Amino acid sequence: MNHSADDTIKIRVTGLDFSYRKRPVLKNVTADFAGNSITALTGPSGVGKSTFLMTLNRLWEDLPGASMRGKVEIRLQGRLRDIYDRSMELTELRKKVAMVFQTPNPLPMSIRKNMAFPLKLAGERDKSAVNARIEEALRMANLWDEVKDRLEEDARALSGGQQQRLCIARALITEPEVLLLDEPTSSLDRHSTAIIEELLTGLKERLTILVVSHYLEQVVRISDRVVEFAGETIVSL
Amino acid sequence: MRRRILEKATVWFSWAAGLTLLASVAVLLCYLLAKGHEALSTGLIFGGTPPLRALLLQERVFDGLFPALAGTLLLIILSIAWAIPVGISTGIYLAEYADGRVKKALDAFFDVLAGIPSIVVGLFGFASAVFLHRHFSDRIGPCLLISSISLSFLVLPYLIRTTQAALEGIPGETRLTALALGATRVQNIFLVLIPRSLPGIMSGIVLAIGRCAEDTAVIMLTGAVASAGLPSSLLSQYEAVPFYIYYISSQYADPAELTSGYGASILLLMLCAVLFSAAYGIRKGLTHCTLYRA
């Protein structure tokens, strides 16, 4: 593995150990991920793919019984930073390293409120700025034309595929540099899956994407690189 | 074959148990109505005083239940008002922050608190009133304030448990949604988890209201009296419907008095019904405005 201070490296993971309720999940994982690319994480279930994603935005810290050792650095605003360092603000990290889950998880509120939610968390009050960013993010997620006339409707009334694109748009509204997706299409039909794959391919111009996927076809179609997880460690292909 | 019989027997038993319960509630209500309907009139509530003048507090009601109803209503509102902030915060602490030994210890502690007989809570309230009377001020004695605080202790476990259970029942992914979008833990609790748990928390409040409305043991030791009129302050004694029912049914002089006891029971049930509907109405409104407001 190349350990020089290469400018193209977006994420660098060194000697990562992870255990959940004292059961080891990942052991001594070391990997680099290049910027503006799509990396697919594959492997059988239960080998720690989702866990690995959560070590990149520290979301595992909210799970009881989890513990981690090792170093994770992510290039944010052009500087490679240790995300477990004290100077790293957790909420800031999660805005820059956004995550989309397996099942679409819109909050029980309108489409507009869902989109505005991360901005509200950040304390943004300027309404016109919020609306502009909502439109921009929905356009990026190829959802604007479908929802622009129904922003006040309950987000849960959208189709599964639309809900997932809404979740992607909601993740994009904080202008992240890394987007983590945990099997984003596993609950969707073929058509919705194709739309999301196309969307992700378009997004890699702007950010670095890591996507966990079970489907080999999908992996081949959209990813620049495949990392396979196999029993506590990883095999890079 | 034996398994099928067992299977069927279980279903039948559950049905029978459910029906028995329904039937007993129906019998109870019918009995109360049959016995008490004669007493139900404005006279039962306002005595000889004109209702409007009594409601506007222009004239005192002497031989009616108006002061008792007002006392019970005030008592419920005060007790719930003390119990809600403490109970919900404790529930949040137990569900979201406590873990390991602390959680186990507190869990056991609140189970014990839930099991304390109300007469013991009442005795404790009485003892505190006496203590305060001796050491702080002659003006403090058994009163509305002491009663409501004692009652709030009695209902705290309901609120704590329902809040905790509602929060702990939220699925893991929902819990992580807002956190992954950059929410702090406190933001996650107040913007996502609490609004989602409101139905559960509200049912705890409804239980607590019922408990406050019916309890007699605590209030008879801490400030409820047979005749006091409307309470003039938190430090005055007061009348309460359950205490009136207890008092009248244990020492009635003629059948008419007993009938008014039944009438009072019906009024108490009606008061609870109104409060329950109010609680459900508030729950709907609250869920809506916490999740959907701008």
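The residue numbers shown here count from 1 along each chain, following its written sequence. Each chain is given a letter, starting from A, and each ligand a number, starting from 1, according to the order in which they appear as written. For this predicted model, a pLDDT threshold of at least 70 governs which residues receive local features, and a threshold of 80 or more governs which side-chain atom pairs are given and counted, while totals over whole chains, interfaces and linings are taken from all residues.

Here we look at the overall build of chain A
Thought 1: If you tally the helices and strands in chain A, you get eight helices and 10 strands.
Thought 2: The atom set for the radius of gyration is the C-alpha atoms, and the globule formula is 2.2 Å times the number of residues raised to the power 0.38. Relative to the 2.2 N^0.38 estimate, which gives 18 Å for 237 residues, the radius of gyration of chain A is 18 Å and therefore close to what a compact globule would have.
Thought 3: In terms of principal-axis extent, the alpha carbons of chain A reach across some 50 × 40 × 35 Å.
Thought 4: Of all 237 residues assigned to chain A, the portion counted as buried reaches 44%.
Thought 5: Considering only contacts within chain A whose residues lie at least 6 apart along the sequence, 72% involve residues at least 24 apart. Segments assigned H or I by DSSP are reported as helices when at least four residues long, segments assigned E as strands when at least two residues long, and all are numbered from the N terminus. Between the buried cut of 20 or more and the exposed cut of 12 or fewer other C-beta atoms within 10 Å of a residue's own C-beta lies the partly exposed class, and all C-beta atoms are placed from the backbone. By the convention adopted here, residues are in contact when the distance between their C-beta atoms, placed from the backbone, does not exceed 7 Å.

Comments concerning the overall build of chain B
Thought 1: Helix and strand counts for chain B come out as 12 helices and zero strands.
Thought 2: Element order for chain B, N to C, with α for helix and β for strand: α-α-α-α-α-α-α-α-α-α-α-α.
Thought 3: For chain B, the spread of C-alpha atoms along the three principal axes comes to 65 × 65 × 40 Å.
Thought 4: Scored against the burial criterion, the 294 residues of chain B give a buried share of 37%.

A few points about the packing of helix α6 (residues 160-172) of chain A against helix α7 (residues 190-203) of chain A
Residues and elements named next belong to chain A.
Thought 1: Two elements in contact, α6 and α7, have axes whose closest approach is 9 Å; the angle formed by their N-to-C orientations is 20 degrees. With respect to each other, α6 and α7 are oriented roughly parallel. Handedness of the α6/α7 crossing: right-handed. Each of Gly160, Gly161, Gln164, Arg165 and Ile168 in α6 lies in contact with α7, whose residues at this interface are Ser192, Ile195, Ile196 and Leu199. Angles shown run from 0 to 180 degrees and are taken between the N-to-C directions of axes, each axis being a line fitted to C-alpha atoms and, for helices, limited to the stretch in contact. Angles below 35 degrees are treated as roughly parallel, those above 145 as roughly antiparallel, those between 65 and 115 as roughly perpendicular, and all remaining angles as oblique. Note on convention: the crossing is left-handed when the near helix lies turned anticlockwise from the far helix by less than a right angle, right-handed when the turn is clockwise.

Some points on the environment of Leu33(B)
Residues and elements named next belong to chain B.
Thought 1: Secondary-structure assignment places Leu33 in helix α1 (residues 2-36).
Thought 2: Of the residues examined, Leu33 has 14 C-beta atoms within 10 Å and is grouped as partly exposed.
Thought 3: Sequence separation of Leu33 and Ile266 is 233 residues, and the distance between their C-alpha atoms is 7.2 Å.

Here we look at the interface of chain B and chain A
Thought 1: Chain B puts 15 residues into the contact, and the matching count from chain A is 22 residues.
Thought 2: Ranked by residues supplied to the side of chain B that touches chain A, first place goes to helix α8 (residues 172-180) of chain B with six residues.
Thought 3: Grouping the constituent residues of the side of chain B that touches chain A by class yields eight nonpolar, five polar and two charged. Basically, the charged four are Asp, Glu, Lys and Arg, the nonpolar ten are Ala, Val, Leu, Ile, Met, Phe, Trp, Tyr, Cys and Pro, and anything else, Gly included, counts as polar.

A few points about α7(A)
Thought 1: Under the convention used throughout, the expected extent of a helix is 1.5 Å for every residue step, that is, one less than its residue count. In this model, α7(A) (14 residues) spans 20 Å end to end at C-alpha, consistent with the 20 Å of a helix rising 1.5 Å per residue.
Thought 2: The secondary structure elements touched by the buried residues of α7(A) are β3 (38-42), α6, β8 (208-212) and α8 (216-222) of chain A.

Here we look at the pairing of strand β2 (residues 23-34) of chain A
All names here are of chain A.
Thought 1: Paired strands are those between which DSSP finds at least two bridges. Pairing of strand β1 (residues 9-20) with β2, which is carried by eight bridges, proceeds in the antiparallel orientation. Bridge pairing in β2 places Leu16 opposite Val29.
Thought 2: Counting the residues that bridge the hairpin from β1 to β2 gives two residues, and of these Arg21 lies at a positive phi of roughly 50 degrees.

Some thoughts on the packing of helix α6 (residues 118-135) of chain B against helix α7 (residues 144-168) of chain B
All names here are of chain B.
Thought 1: At a closest axis distance of 9 Å, the pairing of α6 and α7 adopts a crossing angle of 145 degrees. Judged by the twist between their axes, the crossing of α6 over α7 is right-handed. Contact with α6, carried on its side by Ser118, Val121, Gly122, Phe124, Gly125, Ser128 and Ala129, involves Ile146, Ser147, Ser150, Phe153 and Leu154 of α7 and no other residues of that element.
Thought 2: A breakdown of the residues in the contact of α6 with α7 according to their chemical character gives six nonpolar, six polar and no charged.

A word on α6(B)
Residues that lie three or four places apart on an α-helix share one face, since the helix turns once every 3.6 residues.
Residue and element names in this part refer to chain B.
Thought 1: Here α6 spans 26 Å end to end across 18 residues, near enough to the 26 Å set by a 1.5 Å rise per residue.
Thought 2: The set of residues buried in α6 consists of Val121, Gly122, Gly125, Phe126 and Ala129. Down the axis of α6, the sector holding all buried residues measures 140 degrees, keeping them to one side. Pointing more than 90 degrees away from the buried face of α6 are the exposed residues Ala127, Phe131, Arg134 and His135.
Thought 3: On its buried side, α6 packs onto α7 and α10 (217-222). The arc in question is traced by the directions running from the helix axis to the C-beta atoms.

Some remarks on unusual backbone geometry
All names here are of chain A.
Thought 1: With a phi close to 45 degrees, Asn28 is a non-glycine residue in the positive phi region.
Thought 2: Along the chain, the position of Asn28 falls in strand β2.
Thought 3: Even without being a glycine, Asn36 presents a positive backbone phi close to 45 degrees.
Thought 4: Tracing the chain through its elements places Asn36 in the loop between β2 and β3.

Some remarks on the sheet that holds strand β4 (residues 66-76) of chain A
Residues and elements named next belong to chain A.
Thought 1: Pairing is antiparallel in the open sheet, where four strands are placed in the order β2-β1-β4-β5. Each edge of the sheet is formed by a strand with only one pairing partner; in this case those strands are β2 and β5 (79-82). Strand-to-strand twist in this sheet, taken as the mean axis angle between neighbours without regard to direction, amounts to 5 degrees.

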